[in-house]
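So the chains spell out like this:
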Amino acid sequence: MKFPYAGNALKDFFSKPSTERYPKVKKEAPKGYRGKISYDPEKCIACGMCIRVCSPGAITMTKGEKNDEGQLIEMKFNLNSCTFCQMCADFCPRGAIKLTTQYSMIATDKNELVVSGSFIKKIPPKPTVKTVQQSKAKTEASGSK
Ligand code: SF4
Ligand code: SF4
């Protein structure tokens, strides 16, 4: 009885595998890879631009009640529907969104694939009669020069 591939089988058994050894050996994502979103609420101004450019509607903004402190803003990026197109990051005027090189996004609960952050948006004080008059006088003075 002949075993035509026995030699090859033996050779392959003792040689290194030709495939990647992931997840045993972690691989770095290439530069420019569009992976898990990172959101920095410290930089966000709640302009809503990211929401407008996100075609799958993966971004939501929840606004809380206004009070003396300001208004609570909560942003959520749902990676379950995100296509990692990077439009939100490209259009964010404050650089608050980044697509990281983190490619492993395995979860058993879909809530684990939601990136969120919140901040208090300061509300500018309402102009008083005095401040309006001062601003008007300033404009008139600069116009008469
Ligand atoms: S990467 Fe694209 S799909 Fe994902 S949240 Fe940003 S705009 Fe939406
Ligand atoms: S993350 Fe950027 S684009 Fe989105 S609301 Fe904040 S500042 Fe605007």
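Once a new chain begins, its residue numbering starts again from 1 and follows that chain's sequence as written. Each chain takes a letter, starting from A, and each ligand takes a number, starting from 1, following the order in which they are written. Local features are withheld for residues below a pLDDT of 70 in this predicted model, meaning they are given only at 70 or higher, and side-chain atom pairs are given and counted only at 80 or more; totals for whole chains, interfaces and linings count all residues. Side-chain calculation: all heavy atoms of the structure are included, whereas hydrogens and water are not.

*Asks:* How would you explain the overall build of the chain if you had to name every residue and give the values?
*Replies:* Here a strand is any run of E in DSSP of at least two residues, a helix any run of H or I of at least four, and the numbering for each starts at the N terminus. A count of helices and strands for the chain gives 4 helices and 5 strands. Throughout, the radius of gyration refers to the C-alpha atoms, and the reference size of a globule is 2.2 Å times the residue count to the power 0.38. Taking 145 residues into account, the globule formula puts the C-alpha radius of gyration at 15 Å, and the chain, at 27 Å, lies well above it. Only heavy atoms matter for contacts: two residues are in contact if any of them lie within 4.5 Å across the pair. If you take every contact in the chain between residues at least 6 apart in sequence, the share linking residues at least 24 apart comes to 75%. Here, Shrake-Rupley sampling with a 1.4 Å probe gives the accessible areas, and only protein chains in the shown set may cover a residue. Split by element, the accessible area of the chain, about 11700 Å² in all, is 55% carbon and sulfur. For the chain, the separation between the mean place of its 25 positive charges and that of its 13 negative charges on side chains is 6 Å. By the counting rule applied here, Lys and Arg register as positive and Asp and Glu as negative, while His and the ends of each chain are not counted. Each charge is placed at NZ for Lys, CZ for Arg, CG for Asp and CD for Glu.

*Asks:* Lay out the site of ligand 2 in plain terms, naming residues and giving numbers.
*Replies:* As a structural note, the neighbourhood of ligand 2 is formed by Tyr39, Cys44, Ile45, Ala46, Cys47, Gly48, Met49, Cys50, Cys92, Pro93, Ala96 and Ile97. Three residue categories are used. Nonpolar comprises Ala, Val, Leu, Ile, Met, Phe, Trp, Tyr, Cys and Pro, charged comprises Asp, Glu, Lys and Arg, and polar comprises the others, including Gly. Broken down by class, the residue content of the shell around ligand 2 amounts to 11 nonpolar, 1 polar and no charged. Residue proximity to a molecule or strand is established when one non-hydrogen atom of the residue lies within 4 Å of it.

*Asks:* Go over the site of ligand 1 with me, naming the residues and quoting the values.
*Replies:* Every residue lining ligand 1 is accounted for by Ile37, Cys54, Pro56, Ile59, Cys82, Thr83, Phe84, Cys85, Gln86, Met87 and Cys88. Considering only residue class, the shell around ligand 1 consists of 9 nonpolar, 2 polar and no charged.

*Asks:* Describe helix H4 (residues 129–143), with residues and values.
*Replies:* To estimate the expected span of a helix, count its residues, drop one, and scale the result by 1.5 Å. The end-to-end C-alpha distance of H4, which contains 15 residues, comes to 21 Å, matching closely the 21 Å that a straight helix rising 1.5 Å per residue would cover. Of all 15 residues that make up H4, 0 are buried, and the element is exposed over most of its length. Residue exposure (1.4 Å probe, protein chains only): buried if accessible area is under 20% of the type maximum, exposed if over 50%, otherwise partly exposed.

*Asks:* Quick rundown of the pairing of strand S3 (residues 70–78)? Include the residues and the values.
*Replies:* At least two DSSP bridges between two strands are required for those strands to pair. When strand S2 (residues 59–67) meets S3, the two strands line up antiparallel, connected through 7 bridges. Across the sheet, the residue bridging to threonine 60 is lysine 76, located in S3. What sits between the antiparallel neighbours S2 and S3 is a turn of 2 residues. As paired elements, S3 and strand S5 (residues 114–121) share 8 bridges and run antiparallel to each other. Each residue of the ladder has a partner; that of lysine 76, found in S5, is serine 116.

*Asks:* Let's hear about a positive patch on the surface: which residues, and what values?
*Replies:* Residues enter patches when their relative accessible area tops 30% and they take part in no salt bridge; the joining distance is 9 Å for like charges and 5 Å for the nonpolar side chains Val, Leu, Ile, Met, Phe, Trp and Tyr. The term salt bridge refers to a pairing of a side-chain nitrogen on Lys or Arg with a carboxyl oxygen on Asp or Glu at a separation within 4 Å. A contiguous patch of positive charge, built from Lys63, Lys66, Lys121 and Lys126, is present on the exposed surface. Turning to its location among the elements, lysine 121 is positioned in strand S5. For lysine 121, a relative accessible area of 34% translates into the label partly exposed.

*Asks:* Any chance you could break down the environment of tyrosine 5 for me, citing the residues and the numbers?
*Replies:* With respect to the helices and strands, the residue tyrosine 5 is situated in the segment before helix H1 (6–14). When the C-alpha positions of tyrosine 5 and proline 30 are compared, they lie 38 Å apart, and in sequence the two are 25 residues distant.

*Asks:* A description of the packing of aromatic side chains should follow, citing residues and the corresponding values.
*Replies:* Each Phe, Tyr or Trp ring, with Trp reduced to its six-membered ring, pairs with another whose centre is within 6.5 Å; inter-plane angles below 30 degrees give stacked pairs, above 60 give edge-to-face pairs, and intermediate values give tilted ones. On inspection of all chains with the given rule, the structure shows 4 aromatic pairs. Ring centres of tyrosine 22 and tyrosine 103 lie 5.9 Å apart, and the angle between their planes is 55°; on these two criteria the pair is classed as tilted. On the criterion of sequence distance, the pair formed by tyrosine 22 in the loop between H1 and strand S1 (37–39) and tyrosine 103 in the loop between strand S4 (97–99) and S5 is long-range, its members being 81 residues apart. Overall, tyrosine 103 belongs to the partly exposed group, its relative accessible area being 28%. Every member of this aromatic cluster is reached through a ring pair, and the members are Tyr22, Tyr33 and Tyr103.

*Asks:* Can you break down the sheet that holds S5 residue by residue, with the values?
*Replies:* Spatially, the 3 strands line up as an open sheet ordered S2-S3-S5, and their pairing is antiparallel. Since the sheet does not close on itself, it has two edges, and those belong to S2 and S5, each with one partner. With direction set aside, neighbouring strand axes in the sheet form an average angle of 15°. Convention adopted: a line fitted to C-alpha atoms gives each axis, helices being fitted over their contacting stretch, and angles between N-to-C directions are expressed from 0 to 180 degrees.

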